[in-house]
Amino acid sequence: MTAKQARRIAEFIDPLRVRPGRKVNLAKDFDPAFRPLGLRRKNSAGLLDQGIALLADYQRRLAAENTHGVLLCLQALDAGGKDGTIRHVMSGVNPQGVRVEGFKVPSTEELDHDYLWRYACRLPARGDIGIFNRSHYEEVLVVRVHPQNLDRQKLPPSAKGADVWERRYREINDWERYLSDNGFSVVKLFLNLSKEEQRTRFLKRIDVPERNWKFSAADVHERGYWDDYQRAFSEMLSATSTPWAPWYVVPADRKWLARICAAAVLVHTLIGIDPQYPTVSDEVRHDLAEARKELEAEAPRGAARDPYLAEHEGASRDGKKAEKRNAEKRKKVRT
């Protein structure tokens, strides 16, 4: 990763970032069809592949260093593309280092604890990337749009006053600050879908038999609360985009673009962490040298003592010869 590449990624995602303290009006401030840097599909070939390759490299280093962790929170309305984003963006990483958590209706056990308990139980370990497919922000979105859910949480009367949402924003910010202070970066993506694109995707789930299983009549019912959700998202983004855990509003009407944006934000976060492979002590280096001698001594007759080194030294020699031939050709052209 060069400094130029890192700057390019930062420039690409900057318009998506919600500045801390900014008052957001989602409908006016963020266009679901926005194209960062004017990006178009025909000139974006390979960008997602590059992002996937960078994620794979950084994820290996994150796991090897085993010091930091990453929590990716994905929020969107129904048909926003969360599952597809996870499937495509994380397609190149080691599955052992990534864990996806989905949160459905709280169980009886979960309702017997504080509202952040079930999310805290599924946080990633150091060296891992954890993905919340929907997250603790459901507690200020769905619960706010459907306040009857607040009654199910067995809160004392004093905890259900008019300031309940402002208090929850503060508590969530404090919790994420705590995670950040302890080495866990919190990445928050809101996949911003237009109402018309949601309608189109719902119809496709009905029209295509292989997608029927993804459709639920409850999704259409929930669509009736569109304006309520827009207000809830706007207030959430305004109150909880912080320097230590900023929100990024990803234009989601074009799936290919949403996936590129999501990969870019995650790569940008990992660039900031800059995990490194651990260095070994002199004692370990000595042990490695002794082990090399033993293994080389076991080489069968006619086999390379160290096949890996032989292969790469050969490739290096071939590369130098090719460069020498090219230099000679350039010299002939000049003369």
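In case you missed it, the structure is sitting above this.
Definitions and limits used
- Residues numbered from 1 in each chain as written.
- Predicted model: local features only at pLDDT ≥ 70, side-chain atom pairs only at ≥ 80, totals over all residues.
- Heavy atoms only, no water.
- Patch = residues over 30% accessible without salt bridge, like charges linked within 9 Å, V, L, I, M, F, W, Y side chains within 5 Å.
- Areas by Shrake-Rupley, 256 points an atom, 1.4 Å probe, with all protein chains shown as cover.
- Salt bridge = Lys/Arg side-chain N within 4 Å of Asp/Glu carboxyl O.
- Helix = DSSP H or I, 4+ residues; strand = E, 2+ residues; numbered from the N terminus.
- Buried < 20%, exposed > 50% of the residue type's maximum accessible area, 1.4 Å probe, protein only.
- Polar contact = N/O pair within 3.5 Å; in protein donor to acceptor, adjacent residues only side chain to side chain.
- Contact = heavy atoms within 4.5 Å.
- Pairing = 2+ DSSP bridges.
- Axes fitted to C-alpha atoms, helices over the stretch in contact; angles between N-to-C directions.
- Parallel < 35°, antiparallel > 145°, perpendicular 65-115°, else oblique.
- Left-handed = near helix turned anticlockwise from the far one by under 90°.
- Nonpolar A, V, L, I, M, F, W, Y, C, P; charged D, E, K, R; others polar.
- 1 Å grid on protein atoms, 1.4 Å probe; cavity = no way out; pocket = protein on both sides within 12 Å on 5 of 7 lines; lining within 4 Å.
- Points joined across faces, edges and corners; volume = space filled by probe spheres on them.

Q: I would appreciate a short explanation of a nonpolar patch on the surface in the present structure.
A: Taken together, the side chains of Val 280, Val 284 and Leu 288 make up a nonpolar region of the molecular surface, amounting to roughly 230 Å² of accessible area. Residue position: Val 280 is located in the loop between α13 (255-273) and α14 (282-297). When its relative accessible area of 36% is taken as the criterion, Val 280 is described as partly exposed.

Q: Before we go on, may I ask you to explain the environment of Asn 94 in this structure?
A: On the secondary structure map, Asn 94 appears in the loop between α4 (82-89) and β2 (98-102). Judged by relative accessible area, Asn 94 falls into the partly exposed class, the value being 36%. Put simply, Asn 94 and His 286 are 192 residues apart on the chain and 30 Å apart in space, counted from C-alpha to C-alpha. From its side chain, Asn 94 meets the backbone nitrogen of Gln 96 in a polar contact 2.9 Å long.

Q: Hey, could you run me through the environment of His 136 in this one?
A: One can find His 136 in the loop between β3 (129-133) and α7 (142-145). His 136 sits 63 residues away from Cys 73 along the chain, and the two C-alpha atoms are 8.5 Å apart. Look past the residues within four positions of His 136 in its chain and what remains in contact with it is Cys 73, Leu 116, Tyr 119, Ile 172, Trp 175 and Glu 176. One polar contact links His 136 to Glu 176, side chain to side chain, over a distance of 2.9 Å.

Q: In this structure, what is going on with the sheet that holds strand β4 (residues 184-192)? I would like to understand it.
A: The pairing of strands in a sheet happens through backbone hydrogen bonds and is either parallel or antiparallel. Ordered by their spatial adjacency, 5 strands build an open sheet running β2-β3-β1-β4-β5, and the pairing between neighbours is parallel. A strand with exactly one partner marks an edge of an open sheet, and here the two such strands are β2 and β5 (247-251). With strand direction ignored, the average angle separating the axes of adjacent strands in the sheet is 20°.

Q: How should I be thinking about the pairing of β5 in this particular structure?
A: Along any regular strand, the residues point their side chains to alternate faces of the sheet. For β5, the tally of buried residues reaches 5 of 5 residues, placing the bulk of the element in the interior. A two-sided burial pattern is seen for β5, the buried positions comprising Trp 247, Val 249 and Pro 251 on one face and Tyr 248 and Val 250 on the other. Bridge analysis of β4 against β5 gives 5 bridges, and the strand direction is parallel. For Phe 190, the partnering residue across the bridge sits in β5 and is Val 249.

Q: Hey, could you run me through the packing of helix α1 (residues 3-13) against α13 in this one?
A: Helix packing geometry: the angle between the two helix axes and the distance between the axes. Two elements in contact, α1 and α13, have axes whose closest approach is 9 Å; the angle formed by their N-to-C orientations is 130°. With respect to their mutual orientation, α1 and α13 come out oblique. For the crossing formed where α1 meets α13, the hand is left-handed. Along the contact surface, α1 presents Ala 6, Ile 9, Ala 10, Phe 12 and Ile 13, while α13 presents Ile 260, Cys 261, Ala 264, Val 265, Val 267, His 268 and Ile 271. When grouped by side-chain class, the residues that make up the contact of α1 with α13 number 11 nonpolar, 1 polar and no charged.

Q: What's the story with the layout of surface pockets in this structure? I'm lost.
A: Where empty space is left becomes clear once a probe the size of a water molecule has been rolled over the atoms. Each pocket or cavity is described by its volume, and for the second largest pocket that value is around 440 Å³. Considering the residues around the second largest pocket, the lining is formed by 19 residues, among which Gln 5, Arg 8, Ile 9, Leu 47 and Gln 50 are closest to the centre. Elements represented by at least two residues in the lining of the second largest pocket include exactly α1, α3 (47-65) and α13. For the lining of the second largest pocket, the element with the most residues is α1, which contributes 5 residues. Looking at the lining of the second largest pocket residue by residue, the class counts come to 12 nonpolar, 5 polar and 2 charged.

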